[in-house]
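Overview (structure and organization)
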Amino acid sequence: QVQLVESGGGLVQAGDSLKLSCTASGHTFSNLIMGWFRQAPGKEREFLARINQSGSLTNYAEFVKGRFTVSRDNAKNTVYLQMNSLKAEDTAVYYCAAHSSSYYSGSLSTNFDYWGQGTQVTVSS
């Protein structure tokens, strides 16, 4: 089974930036399609970003395009989420996730079967 551990969350002010990290173990990381999700109070878990095995393909939820960037460093078994211009509504628990399939399908947010424990991001306005 894939194990995922997120880090980098914290308390910031609106307009600030954070870079989240997620380190994987238990699998060949370079074979994993990775993604980021978040869940805010009173809301369902929502898709943020996806990145393919090599990092050459990415997808984003429309509401984070231009502010969030997903990247990966396969030598470090780590995927990142750079978050800029943070808003109060970005306050949530942020999760990284991994595909169980190697197919980078047109369905952006499905087939994520492995999840980290989450890291809290709190943005004050």
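Coordinates for the structure precede this section.
One structure accompanies this document, and this report is about it. (Residues numbered from 1 in each chain as written. Predicted model: local features only at pLDDT ≥ 70, side-chain atom pairs only at ≥ 80, totals over all residues. Heavy atoms only, no water.)

**Overview of unusual backbone geometry**
- For N77, which is not glycine, the phi dihedral falls at a positive 55°.
- Mapped onto the secondary structure, N77 falls in the loop between β7 (68-73) and β8 (78-83).
- Residue N77 is classed as partly exposed on the basis of its relative accessible area, which comes to 28%.
- Although it is not a glycine, S85 adopts a positive phi angle of roughly 50°.
- Along the chain, S85 falls in the loop between β8 and β9 (92-99). (Helix = DSSP H or I, 4+ residues; strand = E, 2+ residues; numbered from the N terminus. Buried < 20%, exposed > 50% of the residue type's maximum accessible area, 1.4 Å probe, protein only.)

**What to know about the pattern of salt bridges**
- Going through the model one piece at a time under the given rule, you end up with five salt bridges.
- Between E46 and K43 there is a salt bridge, with the nearest N and O atoms lying 3.7 Å from each other.
- On the basis of relative accessible area, E46 is assigned to the buried category, the value being 16%.
- Residue K43 is classed as partly exposed on the basis of its relative accessible area of 42%.
- Taken together, the shared-partner salt bridges in this structure form one network comprising R38, K43, E46, R67 and D90. (Salt bridge = Lys/Arg side-chain N within 4 Å of Asp/Glu carboxyl O.)

**A closer look at the state of the cysteines**
- Under the defined criterion, the tally for this structure stands at one disulfide.
- A disulfide bridge connects C22 with C96, and the sulfur atoms are separated by 1.8 Å. Note on the C22 and C96 pair: the S-S dihedral is about 45°, so by sign convention the disulfide is right-handed. Taken as a pair, C22 in strand β3 (residues 18-25) and C96 in strand β9 lie far apart in primary sequence, 74 residues in all. Side by side, C22 and C96 carry an identical accessibility label, which is buried. (Disulfide = S-S within 2.5 Å.)

**What about the environment of F37?**
- By secondary structure assignment, the location of F37 is in strand β4 (residues 34-39).
- A sequence separation of 60 residues divides F37 from A97, and the C-alpha atoms of the two residues are 7.6 Å apart.
- If we skip the residues at most four places from it in the chain, F37 touches R45, E46, F47, L48, V93, Y94, Y95, A97, S109, F112 and W115. (Contact = heavy atoms within 4.5 Å.)

Function-wise, these values are silent; they only describe arrangement.
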